[in-house]
Every structure is written in C-alpha cells, then in structure tokens.
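So the chains spell out like this:
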Amino acid sequence: RAPAPARARGARAQAAMVEGHSVHRVCHQHRRALAGLAFRATSPNGRFAEGAAAIDGKVLERVEAIGKNLLYFFGGDGRGGTGEDVTVMHVHFGMSGRFGVFGADSAPEPKPTTRLQLQTAERGGLIAHLSAMTVQHGGIELFHERRAALGEDPLRDDADPGALRAKAARSSKPVGLLLMDQAMMAGVGNIYRAEILWRSKLHPEMPCSALTDAQFAELWRQSVRMLRKGFECGSIITVDDECGRYGAPWSRRYIYNQKQCPACKGPVRSWSMSNRTVYCCETCQPLDTNQRAALPAARAKALGAARGAKLFASHCAPDRGADVLPEKMRVAELRSALDALGLNTQGKKADLLARLLAAERTGTAGIVPKSAAAAAAEKLAAGESRAVEHIAELDDEMAAVIGVGNAGARAAAGTPARAKGERAPARPRAGVRGVKRARRSLK
Ligand SMILES: [Zn+2]
C-alpha cells in the first residue's frame, strides 16, 4: 500500500513561485506536444480575448524558456518564428499558474482562471489550458524586450557565465540577492538560492564584487547542476553523491527549510532577503569579518534579525574529497570524473581538464526528463506536499495523488475562494484512474 498523502502527515503549506527548471519542463513538453500545429485559440474567462484572436489559426512555430518566462512564437511563415510578422505570447506563471495539455477526450472543462484554451484535431485531438499571472502578446519586439531584460539562465544553451561574472564584479549587491535578481541570473528561486549558496560555501550577504573567480565558478557550476537535475527529476532535489549523503532529513535538500546543517550539524539561521527567507549555516558559509563590518545599514539590520543560535566564529568547513573544482583536481581525480561521464580518460593533465570543463555544459540537451507522474510519485514517497514547490505542468490528477486539493492549493497561493455564482472547477474525468495508476507505480 502506498503511504498516506503528504498533507495527512503534516507537510506545511506555503506559497511557492515556480522556479526555472519547472518552466523548462513545460517548454520541453510543449515543443513535443504542441509545436508545429495550428490551433483554435479562445479565452474562456475573457482575460486574454485579444491575444487569443491574434494567434487563432496560426501555427505554433517555436517555444522558448528564459528563466521563469515562456515565449510562444505563432507565425505560419515556416521560418521558425523569427519573421517580423510573428505573434509572440509571453507567459509568467506567478504563484499558481499552469499550462496543461490534455487529450481531447479527457480534458477538463476550463476553470474560472483559464485565460487561454488551445484546441486542435491533430495528433488525436489536443486541448491545452493556460492560467497564469502574466499572459501578453505582441510582435517579435516582445521577445527581444524580455530577452534583454532577463539575465543568464543556466538551463539555456546560450547561457554566458562570463557576462554574469562581469556584471557581478561591478555589483555591490549581496550574492543572495544576485541569485534572485532575474536581470542577473534567470530561473533561480528561493529554494535553489539556499541550496546553491550552501553548496558553494558562500554567505548570502557577501558582496558580489568580492567573489573570487573560483567562488564565482563554483556558484555557476552548482546552479547549472542543480537546475539540470531539477529539469530531469521534476522536483527540486539538490542532494547528490558528489557531496556525500547525509540521510534524513537531508535526503532531498541540504539547508532549505532545515534547522540543522547536514555537514557541521550547527544551527541553520534564517532572515529576510528580497522579501523571501534565506537559509544559511554561518559555520560552513562564513562571512568575512571586514565584509560583515562593511554591510550597509539595511543589510546589517536584516542579518541582525536572523533567527537561530548566536553567531559562530568564522572558520571554513573543510573541502570534501569529491567536492572540488575540476581546476583543483589531481590527474587521478580528473580521470575518474571523465570515466564517470563515459569520456576518454587518456592524455596529459591539461587535456583531461579541458575535456572535463568542456563536458560541463549548460542547457537541457541530452537530458531525458522524468514524467510529471513520476515526479509526483517521488514527492508522495518523500512525504512532500505539492505546495512546497509549484509545478506548472502538474494536472489535477497528480495534485490529488500528492494530497493537495483545490482548496489547499488556493490557500497555499493566498487566493480567495470562488465568488458566489462562479462556476466550480470541473474534476478531470480520468481522475480516479490516474490516482490509482500513480499509486500502483509506487509499488
Ligand atoms: Zn554547517
């Protein structure tokens, strides 16, 4: 028998902004399911009527994800959505958006929040429902505008860490804010921020301009690895073998929402940064005495309000054997790392290093994402409520499996209940079968 739903075991409900890995999964799914087709586009709740009319009957030529944003290119000129006459739709899910694709025979009725419905008779009949905080349309300039406004996304093939490094070097902003600033780094949200900083051994209040090349390289490397893993798993699971396994309660994440540091077992402190709670072990992520003394008044005040035990004396946590940058690896370690990737292990040290660095790519090419159902089943087995991490591709069946119904999701998102007379959201017809299927997959 499958374990009880997470909600029954007291998992906490909190509002969760979708993070970049989830948006890239929607992009991946829509490239396969929707691209190349023309749709009847309508706006069931009337809040995207003009946009729906603009894309109605046009071919979806291309889908792109940049950070937490999705861009859909509707054209019909067959040039991959690059022409001047293309219609671009920009989507940002916000706290509770979704863009689900259903078979025409099992699609639910549109909800009061459904801003766009796409429908086609091709591929056996498909219906897609979009609800999102932001949905807007325009010409190709809308894409260029968003592209220019957003920073480097570790899940894009064209990510440029050098450009981010240059921006960071000029910024006195704390590194904990850099990660959340979508104009600097696109796609990282609050959970990844905590995990990336802990793995990189960086204090959230450290000024960006003080980052060494090695520290920046590690920050970028961890960002890429964690987001790629999230893209594959469909969940924010940051723990990996490279850092060693610490067991429960650190089997999925190291420090986010934890009381104790998995490495030194010291207390985790938390305070507010850009209106979100940041987590830090000040033993493993020490802040230099001079940097602490030089903090601007507002940052010093925020850090001073940190909850947890009193401050520790700063001393660096020792590097773990497997947790070293490629640049610091010995020949045997380089060979071992290359071997693990199935790459050639022959050659001089410089060749080995160049080969390993070249293998550490950005983007999502070559990763086969696990299904949303598999991700939901894993969350259920781990006792995690759907409200912890917002899943934009999750449909009602899977939400039911992991124990957060519509009321729970509404409460988690801080949105009010339906107004009197408003239509009740329909349950998908295949709901019960879907739940049974997912439960079976756990056995
Ligand atoms: Zn620690």
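All values reported here derive from a predicted model rather than from experimental measurement.

Basis of the calculations
- Residues numbered from 1 in each chain as written.
- Predicted model: local features only at pLDDT ≥ 70, side-chain atom pairs only at ≥ 80, totals over all residues.
- Heavy atoms only, no water.
- Helix = DSSP H or I, 4+ residues; strand = E, 2+ residues; numbered from the N terminus.
- Expected span 1.5 Å × (residues − 1).
- Buried < 20%, exposed > 50% of the residue type's maximum accessible area, 1.4 Å probe, protein only.
- Pairing = 2+ DSSP bridges.
- Axes fitted to C-alpha atoms, helices over the stretch in contact; angles between N-to-C directions.
- Salt bridge = Lys/Arg side-chain N within 4 Å of Asp/Glu carboxyl O.
- Phe/Tyr/Trp six-rings, centres within 6.5 Å; stacked < 30°, edge-to-face > 60°.
- Parallel < 35°, antiparallel > 145°, perpendicular 65-115°, else oblique.
- Left-handed = near helix turned anticlockwise from the far one by under 90°.
- Contact = heavy atoms within 4.5 Å.
- Donors = N, O, S within 2.8 Å, 3.2 Å for Na, K, Ca; no water.
- Tetrahedral: all angles 85-135°; square planar, octahedral: opposite > 155°, others 65-115°.

Draft legend 1. Main features of helix 1 (residues 20-33). Here helix 1 spans 20 Å end to end across 14 residues, near enough to the 20 Å set by a 1.5 Å rise per residue. With respect to burial, helix 1 is a largely interior element, 10 of its 14 residues being buried. Among all positions in helix 1, only Gly20, His21, Ser22, Val23, His24, Arg25, Val26, Cys27, His30 and Ala33 are buried.

Draft legend 2. Fine view of the sheet that holds strand 5 (residues 98-103). Spatial ordering of the open sheet is given by 1-6-7-5, a layout of four strands whose pairing is antiparallel. Both edges of this open sheet fall to strand 1 (40-42) and strand 5, since each of them pairs with a single strand only. For this sheet the average axis-to-axis angle between neighbouring strands, irrespective of direction, equals 15 degrees.

Draft legend 3. Layout of the pattern of salt bridges. Tallying each qualifying case throughout the model produces 13 salt bridges. A salt bridge links Glu282 to Arg269, with the nearest nitrogen and oxygen atoms 3.0 Å apart. Pair noted here: Glu282 is in the loop between strand 10 (276-280) and helix 8 (289-293) and Arg269 is in strand 9 (residues 269-273), with a separation of 13 residues, a long-range link. Overall, the relative accessible area of 3% leaves Glu282 in the buried class. Linking Arg330 and Glu333 is a salt bridge whose minimum nitrogen-to-oxygen distance equals 3.3 Å. Note on Arg330: relative accessible area 59%, which makes it exposed.

Draft legend 4. Spotlight on the packing of aromatic side chains. With the rule as written, the count across this model stands at six aromatic pairs. With 4.7 Å between their ring centres and 25 degrees between their planes, Trp198 and Tyr254 make a pair best called stacked. Taken together, the residues Trp198 in helix 6 (residues 190-199) and Tyr254 in the loop between helix 7 (213-233) and strand 9 connect sequence positions 56 residues apart. With respect to class, Trp198 is no different from Tyr254; both count as buried.

Draft legend 5. Focus on the pairing of strand 3 (residues 69-74). Of all six residues making up strand 3, six are buried, and the element is well covered by its neighbours. Side chains of strand 3 alternate between two faces, with Asn69, Leu71 and Phe73 and Leu70, Tyr72 and Phe74 buried alike. Pairing geometry for strand 2 (residues 60-66) and strand 3, over six bridges, is antiparallel. Paired with Leu60 across the two strands is Phe74, which belongs to strand 3.

Draft legend 6. Expanded view of the packing of helix 6 against helix 7. The geometry of helix 6 relative to helix 7 is characterised by a closest axis approach of 9 Å and an angle of 135 degrees between their N-to-C directions. On the basis of the axis angle, helix 6 is oblique to helix 7. Pair helix 6 / helix 7 crosses with right-handed handedness. From helix 6, Tyr192, Glu195, Ile196, Leu197 and Arg199 reach across to helix 7, where they touch Glu218, Leu219, Gln222, Ser223, Met226, Leu227 and Gly230.

Draft legend 7. Representation of the coordination of the zinc ion within the structure. The zinc ion binds to the protein through Cys261 (SG), Cys264 (SG), Cys281 (SG) and Cys284 (SG), with metal-donor distances spanning 2.2 to 2.4 Å. Each of the four donor atoms around the zinc ion contributes to a set of angles spanning 97 to 116 degrees, which defines the coordination as tetrahedral. For the zinc ion, all donor residues lie on one chain, and their spacing in sequence is C-x2-C-x16-C-x2-C. Using a relative accessible area of 1% as the deciding quantity, one classes Cys281 as buried. Residue Cys284 is classed as buried on the basis of its relative accessible area, which comes to 4%.

Draft legend 8. Here's a closer look at the environment of Val188. Positionally, Val188 belongs in the loop between helix 5 (175-178) and helix 6. Once the C-alpha coordinates of Val188 and Glu19 are considered, the two residues, 169 residues apart in sequence, prove to be 6.0 Å apart. Not counting chain neighbours up to four residues away, the residues in contact with Val188 comprise Glu19, Lys68, Leu179, Met180, Gln182, Arg193, Ile196 and Leu227.

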